[in-house]
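# Coordinates in review
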Amino acid sequence: MKSHEIDYRIVGNDLQLVEVELDPMETVIAEAGAMMYMDDGITFETKLGDGSEPSQGFMGKLLSAGSRVLTGESLFMTHFTNHGHGKRKVAFSAPYPGSIVPFNLAEMGGQIIVQKDGFLCAAMGTKVSMTFNRRIGVGLVGGEGFVLQKLEGDGLAFVHAGGTLIERQLNNEKIRIDTGCVVAFQPGIDFSVETSGSLRSMVFGGEGIFLATLSGTGRVWLQSMPIRKLIQAIAPYGSNSGKESSSLLGGFLKD
């Protein structure tokens, strides 16, 4: 195996964290800002790229890292290495309520496709790259799913899903879903976008104009509450609370 063999445990229910246990000189890579805590003896370094190709030159690393900006992620990744004499632990937290999904890439045929903001952390040796959906119409009309991330390797990688996680096994089947609810899928799955129905349904149905379609044979992972829906759900309460506070303060001043 070229990827480091890390151990882990996932803690919590709604706001989960993944605690990774590293042997001496083992490394885990993570998105910038994802670390929650780490034991003494672990050091971290911010680098361009994921470190999966150590012989790659500076320009290659820059181009690889720069492509991540298109997915909405940071230009840099953080590498956490155990420089102690025994096992040490480092933990990474989910960015919003949901589930952390562990993927053993060796069992996935060496790669998995994930939503552009889904990657959390992975064993050193995992290659994190950008991939475009081959159907450009997905990006132009669907809004989501045009730019995806590809995780390649033979070690463990961790992805975050919002809300409740659902895993489906498709056997030459097709399902239609909200475009933001796709978390990950195996390379054998075809991902596209189609209209949600008649003009009346698209305008008044509340399901949006487009739906994502996943078809073929392989495993897919879905999330019940993508960040877009979470923001839409809580935004009205934030504005209302401000109005209520103003009204309440105005009432006190009148009295």
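All values reported here derive from a predicted model rather than from experimental measurement. (Residues numbered from 1 in each chain as written. Predicted model: local features only at pLDDT ≥ 70, side-chain atom pairs only at ≥ 80, totals over all residues. Heavy atoms only, no water.)

## Here we look at the overall build of the chain
- A tally of regular secondary structure across the chain gives four helices and 17 strands.
- Taking all contacts inside the chain whose residues are at least 6 apart in sequence as the whole, residues at least 24 apart take part in 78%.
- By element, 56% of the accessible surface of the chain is carried by carbon and sulfur atoms, the whole surface being about 13,200 Å². (Helix = DSSP H or I, 4+ residues; strand = E, 2+ residues; numbered from the N terminus. Contact = heavy atoms within 4.5 Å. Areas by Shrake-Rupley, 256 points an atom, 1.4 Å probe, with all protein chains shown as cover.)

## Some thoughts on the pattern of salt bridges
- For the coordinates displayed, the defined rule picks out five salt bridges.
- A salt bridge links E19 to R9; the nearest nitrogen and oxygen atoms lie 2.8 Å apart. Of the two residues, E19 is situated in strand β2 (residues 17-22) and R9 in strand β1 (residues 7-11); the sequence distance between them amounts to 10 residues.
- For R9, a relative accessible area of 46% puts it in the partly exposed group.
- Between K87 and E21 there is a salt bridge, with its nearest N and O atoms 4.0 Å apart. Placement of the pair is K87 in the loop between β6 (76-82) and β7 (88-93) and E21 in strand β2, with a sequence separation of 66 residues. (Salt bridge = Lys/Arg side-chain N within 4 Å of Asp/Glu carboxyl O. Buried < 20%, exposed > 50% of the residue type's maximum accessible area, 1.4 Å probe, protein only.)

## Remarks on the sheet that holds strand β4 (residues 35-38)
- Strand order across the open sheet formed by four strands is β1-β2-β7-β4, with antiparallel pairing between neighbours. Each end of this open sheet is capped by a strand with a single partner; those strands are β1 and β4. On average, each strand axis in the sheet is inclined to that of its neighbour by 20 degrees, with strand direction left out of account.
- Bridge count for β4 against β7 is three bridges, and the pairing is antiparallel. Counted as the bridge partner of Y37 is A91 from β7. (Pairing = 2+ DSSP bridges. Axes fitted to C-alpha atoms, helices over the stretch in contact; angles between N-to-C directions.)

## Quick notes on the packing of aromatic side chains
- Per the counting criterion, the structure on display carries five aromatic pairs.
- Here F80 and F92 contribute two aromatic rings whose centre-to-centre distance is 5.3 Å and whose plane-to-plane angle is 75 degrees, an arrangement assigned as edge-to-face. Taken together, the residues span a long stretch of sequence, with F80 in strand β6 and F92 in strand β7 at a distance of 12 residues. Of the two residues, F80 and F92, both sit in the buried class.
- For the ring pair F103 and W221, a centre distance of 4.8 Å and an interplane angle of 85 degrees mean the geometry is edge-to-face. In this pair, F103 is assigned in strand β8 (residues 98-104) and W221 in strand β17 (residues 210-223), connecting sequence segments 118 residues apart.
- Of the residues examined, W221 reaches a relative accessible area of 2% and is grouped as buried.
- Here the aromatic residues F44, F80 and F92 are joined through ring pairs into a cluster of three or more. (Phe/Tyr/Trp six-rings, centres within 6.5 Å; stacked < 30°, edge-to-face > 60°.)

## Topic: the nonpolar core
- Of all hydrophobic cores here, the largest spans 19 residues; its most connected members are I29, F103, I112, F119, L151, A184 and W221.
- Secondary structure elements with two or more residues in this core: β8, β9 (111-114), β10 (119-123), β13 (156-162) and β15 (182-185).
- The element that contributes the greatest number of residues to this core is β13, accounting for three residues.
- Residues within four places of L151 in sequence aside, it is in contact with L105, G110, Q111, I112, V114, F119, K127, V128, A157 and V159.
- In terms of nonpolar packing, the next biggest core, distinct from the first, is built from 18 residues, L22, A30, F92 and A94 among them. (Core = buried A, V, L, I, M, F, W, Y, C linked by side-chain atoms within 4.5 Å.)

## Comments concerning the side chain of S99
- Looking at the secondary structure, you find S99 in strand β8.
- Sequence-distant contacts of S99, defined by excluding residues within four places in its chain, comprise Q16, V159, H160, A161, G163 and L165.

## Thoughts on the environment of T43
- By secondary structure assignment, the location of T43 is in strand β5 (residues 42-48).
- Take T43: its relative accessible area is 38%, and that puts it in the partly exposed class.
- Sequence-wise, T43 and V90 are 47 residues apart; in three dimensions their C-alpha atoms are separated by 10.0 Å.
- Setting aside chain neighbours within four positions, we find T43 in contact with H79, F80, T81 and H83.
- Within the local environment of T43, its side chain forms a polar contact with the side chain of H83, the two groups lying 3.3 Å apart. (Polar contact = N/O pair within 3.5 Å; in protein donor to acceptor, adjacent residues only side chain to side chain.)

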